[in-house]
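Results of the structural survey
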Amino acid sequence: RSKNMSTYALRTYEGPYLSGTAAGMMTKTNTIGYIASFPIPEVIRDINSVYMAAKAVNPDVKIKIMWVSTWYDPVKESEAANALIDQGVDVLIQHTDSPAPLMAAEKRGVKAVGQASDMSKFAPTAHMFSIRDDWAPHYIDVIEKVKAGTWAPQDFWGGFAEDMLSVASMNDNLPADVKKAVNDMQAKIKSGEFHPFTGPITDNQGKEVVPAGHTLTDTELAGVNWFVEGIDATIPK
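Residues numbered from 1 in each chain as written. Predicted model: local features only at pLDDT ≥ 70, side-chain atom pairs only at ≥ 80, totals over all residues. Heavy atoms only, no water.

1. Observations regarding the packing of aromatic side chains
- According to the stated counting rule, one finds 6 aromatic pairs in the structure shown.
- Here Tyr8 and Trp135 contribute two aromatic rings whose centre-to-centre distance is 5.5 Å and whose plane-to-plane angle is 75°, an arrangement assigned as edge-to-face. Taken together, the residues Tyr8 in strand β1 (residues 7-10) and Trp135 in the loop between β6 (127-133) and α5 (136-148) connect sequence positions 127 residues apart.
- Accessibility expressed as a relative area gives 39% for Tyr8, which makes it partly exposed. (Phe/Tyr/Trp six-rings, centres within 6.5 Å; stacked < 30°, edge-to-face > 60°. Helix = DSSP H or I, 4+ residues; strand = E, 2+ residues; numbered from the N terminus. Buried < 20%, exposed > 50% of the residue type's maximum accessible area, 1.4 Å probe, protein only.)

Laid out in C-alpha cells, this is it:
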C-alpha cells in the first residue's frame with residue numbers, strides 16, 4: 001500500500017463454509033472432494049473451512065484434495081473431478097473457475113458446488129448452488145470516494161456482509177433441511193455472529209493453531225499454512 005494504492009481481497013473462506021455444510025449433509029459415502037488450484041493461504045484456508053463445516057454436521061466425513069496448479073483449465077479440472085469420483089467422492093467443491101467439475105458431476109450422478117460465478121446451467125441436477133464473487137460493490141465504493149475526495153489507502157476484505165459474496169441459484173432438488181442449514185449459516189456469518197476461524201482449532205499435526213476464544217485476524221488469515229485436524233493430507237511445497 002502507498003498514498004495512491006490500496007489492496008483488497010475477498011473473504012473467500014465464508015463461502016466454502018456453506019459449501020462444506022451442504023456437502024457434509026448430502027454425502028452418502030462420507031467422502032467429499034476438493035479441486036484445489038495452488039497451495040496459497042487463500043486456497044488452504046478455504047479447504048479448512050469446507051472441512052470444518054462438513055465435520056460440524058457429519059463427524060464421519062473425510063475430504064480428498066486434488067491439486068491442479070491452475071485457476072482455469074477445463075481439461076485438468078475435469079480429470080481431477082473424475083479421479084475424485086473414482087475414489088468414492090460424491091460431492092465436489094472447487095477452487096477453480098471453469099464449469100468442468102460441475103459437468104463431470106452431472107455425468108457421474110454426484111453433487112457439486114459452483115465457484116465464483118453462477119454455474120447452475122451447466123449441471124441442472126448436480127448443481128447444489130454456487131458461491132458467486134461480486135467485486136462491483138467495492139469498485140463502486142472506491143470510485144465514489146475518489147470522486148468525493150474521501151478515499152484513503154487501506155487493506156480491504158469483503159464477504160457476505162459487504163454483498164461481495166452471495167449464494168446463487170440454490171437447487172430446488174436440495175432437501176429442505178439442507179437449504180435451511182445453508183441459509184441459516186450464511187445469516188450467522190453475514191451478521192458476524194459466527195466466524196469460521198474462531199478457536200480452539202488444532203492442525204493435523206496436533207498443534208493448537210487458534211486458541212479458544214480467539215478469532216484469526218486478517219493478517220493471520222493471510223498467512224494460514226496448515227490443514228486442520230482430520231484432513232489426511234500434506235500441503236505441497
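2. A word on the sheet that holds β6
- Ordered by their spatial adjacency, 6 strands build an open sheet running β3-β2-β4-β5-β6-β8, and the pairing between neighbours is mixed. Among the strands making up the open sheet, the edge pair consists of β3 (62-67) and β8 (165-168). Strand-to-strand twist in this sheet, taken as the mean axis angle between neighbours without regard to direction, amounts to 20°.
- Relative to strand β5 (residues 111-116), strand β4 (residues 91-94) runs parallel, the two sharing 3 bridges. Its bridge partner being in β5, Val91 is matched across the sheet by Lys111.
- Sheet strands touched by helix α1 (residues 14-26): β2 (31-36), β4, β5, β6 and β8. Its angle to β6, the strand with the most contacts, is close to 175°.
- Of the strands in this sheet, β2, β3 and β4 are in contact with helix α2 (residues 41-57), which crosses β2 at around 165°. (Pairing = 2+ DSSP bridges. Axes fitted to C-alpha atoms, helices over the stretch in contact; angles between N-to-C directions. Contact = heavy atoms within 4.5 Å.)

3. Examining the pairing of β3
- With 6 bridges connecting them, β2 and β3 associate as parallel partners. In the strand pairing of β3, Tyr34 is matched with Ile65.
- Note that the unit made of β2, α2 and β3 has a crossover that is right-handed. (Right-handed = clockwise from strand over helix to strand, strands pointing away.)

4. Overview of empty space enclosed by the protein
- Summed over the entire model, instances satisfying the criterion amount to 2 cavities of 30 Å³ or more.
- Its boundaries defined by the atoms lining it, the largest cavity holds a volume of some 70 Å³.
- Along the walls of the largest cavity sit Gly15, Pro16, Ser19, Tyr34, Asp46, Ile93, Gln94, His95, Val113, Gly114, Gln115 and Ile131, which together make up its complete lining.
- If you list the elements that add at least two residues to the lining of the largest cavity, you get α1, β4 and β5.
- Considering only residue class, the lining of the largest cavity consists of 5 nonpolar, 6 polar and 1 charged.
- Approximately 50 Å³ is the volume found for the second largest cavity.
- Every residue lining the second largest cavity is listed: Thr12, Gly15, Pro16, Asp46, His95, Gln115, Ile131, Asp133 and Leu165.
- Those elements giving two or more residues to the lining of the second largest cavity turn out to be α1 and β6.
- Here the residues of the lining of the second largest cavity sort into 3 nonpolar, 4 polar and 2 charged. (1 Å grid on protein atoms, 1.4 Å probe; cavity = no way out; pocket = protein on both sides within 12 Å on 5 of 7 lines; lining within 4 Å. Points joined across faces, edges and corners; volume = space filled by probe spheres on them. Nonpolar A, V, L, I, M, F, W, Y, C, P; charged D, E, K, R; others polar.)

5. Quick look at α5
- Here α5 is 13 residues long and its end C-alpha atoms lie 18 Å apart, about the 18 Å a rise of 1.5 Å per residue gives.
- With its phi angle positive at about 75°, Gly149 sits one or two positions after the end of α5. (Expected span 1.5 Å × (residues − 1).)

6. Things to note about the packing of α1 against α2
- Where α1 meets α2, the closest approach of the two axes is 7 Å, and the angle between their N-to-C directions is 40°. The orientation of α1 relative to α2 falls into the category oblique. Relative to α2, α1 is oriented so that their crossing is right-handed. Touching Pro16, Tyr17, Gly20, Thr21, Gly24 and Met25 of α1 are Asp46, Ser49, Val50, Met52, Ala53, Ala54, Ala56 and Val57, all from α2.
- A breakdown of the residues in the contact of α1 with α2 according to their chemical character gives 9 nonpolar, 4 polar and 1 charged. (Parallel < 35°, antiparallel > 145°, perpendicular 65-115°, else oblique. Left-handed = near helix turned anticlockwise from the far one by under 90°.)

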